[in-house]
Amino acid sequence: MDVRRKVLAINGSYRDGGVTDQAVGNVIKSLEALGAEVEHVKLREFPIEFCRNCRECMQQPGDVPGKCVLHDGMAELIDKIEAADAYVLAAPTNFSSVTAIFKRFAERLAPYGYWPWGKAAPVLRKSKMSKKPAIIISSCAAPGLMGRLTYSTNKSLRIAADTIGATVVGSIVTGMISQEREPDLPRRAQRRVARLAPRLVA
């Protein structure tokens, strides 16, 4: 690559060193080996409050994200999202969907929508702009295929990607992760990481 690609990894796992952390870590290593500049944001360590659903951020017209009335870490995170060329979005399955910390983050993506009062539905600000690539990562106690078909985890990750102006170019779903107290990322998932990572820097 002539110019280093900036990749932002947003990790909604609760646990240090769990399967989701391992998968994200492997993607980061692969991307760095390809020459990318990667930043890893762990939502469990990031100061984000709950959305107030006031829609103030959605009243401001234009392609750039609106300004939130809350003064926490989300403005900084949106700046990181805007500066990135590609994304890794990750969350394990908890109660059939993404974790609460990823859901809280996703709800705070409201500034990416334009929804003035009197209109029936919002319009995504990035909908007509060129899409950036994203990889989504999830895990679950069920077999991986069942997790893809049954749980809403991947759907929520895809919605988050679409909201920020990204298109999903690959996914990693690791199943059967609750058989051990501290499971390792399966070799099959590691091989898939190696195959998918180049798609973010192509």
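The text that follows walks through the structure, step by step, so that each part is easy to find.

Here is what the cut-offs are and how they apply
Residues numbered from 1 in each chain as written. Predicted model: local features only at pLDDT ≥ 70, side-chain atom pairs only at ≥ 80, totals over all residues. Heavy atoms only, no water. Buried < 20%, exposed > 50% of the residue type's maximum accessible area, 1.4 Å probe, protein only. Helix = DSSP H or I, 4+ residues; strand = E, 2+ residues; numbered from the N terminus. Contact = heavy atoms within 4.5 Å. Phe/Tyr/Trp six-rings, centres within 6.5 Å; stacked < 30°, edge-to-face > 60°. Lys NZ or Arg CZ within 6 Å of the ring centre and 35° of its normal. Axes fitted to C-alpha atoms, helices over the stretch in contact; angles between N-to-C directions. Left-handed = near helix turned anticlockwise from the far one by under 90°. Nonpolar A, V, L, I, M, F, W, Y, C, P; charged D, E, K, R; others polar.

## What to know about helix α5 (residues 153-163)
Then step 1. Along α5, the residues that are buried comprise Thr153, Asn154, Leu157, Ala160, Ala161 and Thr163.
Then step 2. Buried residues along α5 sit in contact with β3 (86-92), α3 (100-107), β5 (123-124), β6 (132-139), α4 (144-150) and β7 (166-174).
Then step 3. At the exit of α5 stands glycine 165, carrying a positive phi of roughly 90°.

## Side note on the environment of alanine 189
Then step 1. Topologically, alanine 189 is positioned in helix α6 (residues 187-196).
Then step 2. Setting aside residues up to four positions removed in sequence, alanine 189 forms contacts with Ile172 and Thr174.

## Concerning the packing of aromatic side chains
Then step 1. Summed over all chains, the structure comprises one aromatic pair.
Then step 2. On the numbers, 5.3 Å between centres and 70° between planes, the contact of phenylalanine 102 with phenylalanine 105 is edge-to-face. Of the two residues, phenylalanine 102 and phenylalanine 105 both sit in helix α3, three residues apart, roughly one turn of that helix. Judged on exposure class, the residue phenylalanine 102 and its partner phenylalanine 105 are both buried.
Then step 3. Over the aromatic face of tryptophan 115 sits the side chain of arginine 55, whose NZ or CZ is 3.8 Å from the ring centroid.
Then step 4. Here the guanidinium or amino end of arginine 55 rests over the ring plane of tryptophan 117, the centre of that ring lying 3.8 Å away.

## Here we look at the packing of helix α1 (residues 19-33) against α6
Then step 1. Running from N to C, α1 and α6 cross one another at 35°; their axes reach a closest spacing of 9 Å. The interaxial crossing formed by α1 with α6 has right-handed handedness. Here Ala23, Asn26, Val27 and Ser30 of α1 come into contact with α6, specifically with Gln190, Val193 and Ala194.
Then step 2. Here the contact of α1 with α6 is built from residues that sort into four nonpolar, three polar and no charged.

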